[in-house]
Structures are given as C-alpha cells and as structure tokens.
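# Coordinate inspection notes
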Amino acid sequence: MTPTNNTVLRHDTKTRMSRAVIHNGVAYLCGQVAGPDAREGDITEQTQSMLARLDALLKEIGSSREQLLSATVYLKDGEDVAAMNAVWDAWVPDGYAPARTCVCAPLPADELKVEITVTTAVNA
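Keep in mind that what you see is a predicted model, and the values were worked out from it rather than measured.

## What about the environment of D12?
Within the element layout of this structure, D12 appears in strand β1 (residues 8–13). Judged by its relative accessible area of 31%, D12 is partly exposed. Excluding its chain neighbours within four sequence positions, the residues that come into contact with D12 are M17, S18 and R19. Polar contacts involving the side chain of D12 include one to the side chain of K14, which spans 2.8 Å.

Okay, structure coming up:
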C-alpha cells in the first residue's frame with residue numbers, strides 16, 4: 001500500500017504500542033533497548049545491541065541512519081555518557097547526526113542501561 005499524506009501506517013502493532021507509526025513521510029519509533037543476549041553486558045555492549053536493533057527496525061520501515069531526524073537517549077547512569085557516546089559516534093554516519101537529547105532516567109527493567117527513541121524520514 002502506498003501511503004497518502006493523510007494515511008497513518010502502524011508497524012507491528014500490539015496492545016500497548018506500535019513499533020513504528022508513519023505519517024507524512026516521518027516515522028516515530030518506539031523505544032529500543034539491548035536485545036536479551038546483551039542485557040547483562042556493560043554500557044558499550046548494550047549500546048551496540050540497541051543500535052543494531054534500531055538498524056533492523058529502520059530497514060524494516062524503509063529508512064536508514066542517514067534519514068534520522070531526532071533521537072532521545074535515556075541512560076540509567078550519567079557515568080555512562082562517554083562510553084555510550086563512543087559507540088554512538090562510530091554508528092552515526094559523518095554529516096548525518098540527528099538532533100539529539102540525552103537524559104538520565106529510570107528504565108523499564110533493572111538490567112537495562114540505555115534506551116533510545118527516534119524520529120526518522122522514510123522512503124516513499
């Protein structure tokens with residue numbers, strides 16, 4: 001189905017949320033965290049896993065790192081900013097950094113150290 005300007009597409013909708021909602025060429029993604037196999041890892045491992053999962057979701061919806069518009073990164077511990085940024089900086093293509101906010105916040109599971117939510121443009 002080709003979306004029109006007024007079409008709202010919901011991707012992988014469950015009871016409480018959709019993994020992505022697309023409207024007018026913009027996708028609003030749900031929060032992404034590290035995969036189950038990385039949840040006991042340090043901030044570097046969790047950030048790498050989280051961004052790999054984000055890459056997969058971007059691909060599923062027809063977007064990419066180069067189309068990110070904004071990102072909000074939630075860290076459980078402010079001491080992890082530098083290590084998270086090292087992974088982030090290697091992941092974001094040169095010249096394509098989105099508008100970004102990074103905050104410390106409680107996360108939905110004790111073992112989680114980082115979560116991200118993004119807004120991205122999608123290919124029509």
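Moving on, there is more to tell.
## Quick notes on the environment of W91
Residue position: W91 is located in helix α2 (residues 81–91). Apart from the residues within four sequence positions on either side, W91 is in contact with L51, L54, D55, R65 and L68.

## Details of the pattern of salt bridges
Going through the model one piece at a time under the given rule, you end up with 4 salt bridges. D12 is the partner of K14 in a salt bridge, and the nearest nitrogen-oxygen pair spans 2.8 Å. Its salt-bridge partner being E60, residue R19 comes within 3.2 Å of it at the nearest N-O pair. Of this pair, R19 sits in strand β2 (residues 18–23) while E60 sits in helix α1 (residues 43–61); the two residues are 41 residues apart in sequence, bridging distant segments of the chain. Connected through salt bridges with shared partners, the residues D12, K14, R19 and E60 form a single ionic network.

## Description of the pairing of β2
When β1 meets β2, the two strands line up antiparallel, connected through 5 bridges. Considered in β2, the bridge of V8 is made with H23. Connecting the antiparallel pair β1 and β2 is a turn made up of 4 residues. Pairing of β2 with strand β3 (residues 26–29), which is carried by 4 bridges, proceeds in the antiparallel orientation. Its bridge partner lying in β3, I22 is registered against A27.

## Overview of α1
An α-helix turns once every 3.6 residues. As a result, residues three or four positions apart point the same way. Under the 1.5 Å per step criterion, the end-to-end length of α1 is 27 Å for 19 residues, consistent within 8% with the ideal 27 Å. Where α1 terminates, the next one or two residues include G62, which has phi positive at roughly 85°.

## Considering the packing of aromatic side chains
Centre-to-centre distance and the angle between the planes together describe a pair of aromatic rings. Enumeration over the complete set of coordinates arrives at 1 aromatic pair. Ring centres of W88 and W91 lie 5.5 Å apart, and the angle between their planes is 40°; this geometry places the pair in the tilted category. Of this pair, W88 and W91 both sit in helix α2, separated by 3 residues, roughly a single helical turn. For the residue pair W88 and W91, the accessibility class agrees, reading buried in each case.

## A look at the packing of α1 against α2
Running from N to C, α1 and α2 cross one another at 35°; their axes reach a closest spacing of 8 Å. The crossing of α1 and α2 is right-handed. Counting all contacts with α1, which are made through I43, T44, T47, Q48, L51, L54 and D55, the residues of α2 involved are A83, M84, V87, W88 and W91. Residue composition of the contact of α1 with α2, grouped by class: 8 nonpolar, 3 polar and 1 charged.

Calculation notes
Residues numbered from 1 in each chain as written. Predicted model: local features only at pLDDT ≥ 70, side-chain atom pairs only at ≥ 80, totals over all residues. Heavy atoms only, no water. Helix = DSSP H or I, 4+ residues; strand = E, 2+ residues; numbered from the N terminus. Buried < 20%, exposed > 50% of the residue type's maximum accessible area, 1.4 Å probe, protein only. Contact = heavy atoms within 4.5 Å. Polar contact = N/O pair within 3.5 Å; in protein donor to acceptor, adjacent residues only side chain to side chain. Salt bridge = Lys/Arg side-chain N within 4 Å of Asp/Glu carboxyl O. Pairing = 2+ DSSP bridges. Expected span 1.5 Å × (residues − 1). Phe/Tyr/Trp six-rings, centres within 6.5 Å; stacked < 30°, edge-to-face > 60°. Axes fitted to C-alpha atoms, helices over the stretch in contact; angles between N-to-C directions. Left-handed = near helix turned anticlockwise from the far one by under 90°. Nonpolar A, V, L, I, M, F, W, Y, C, P; charged D, E, K, R; others polar.

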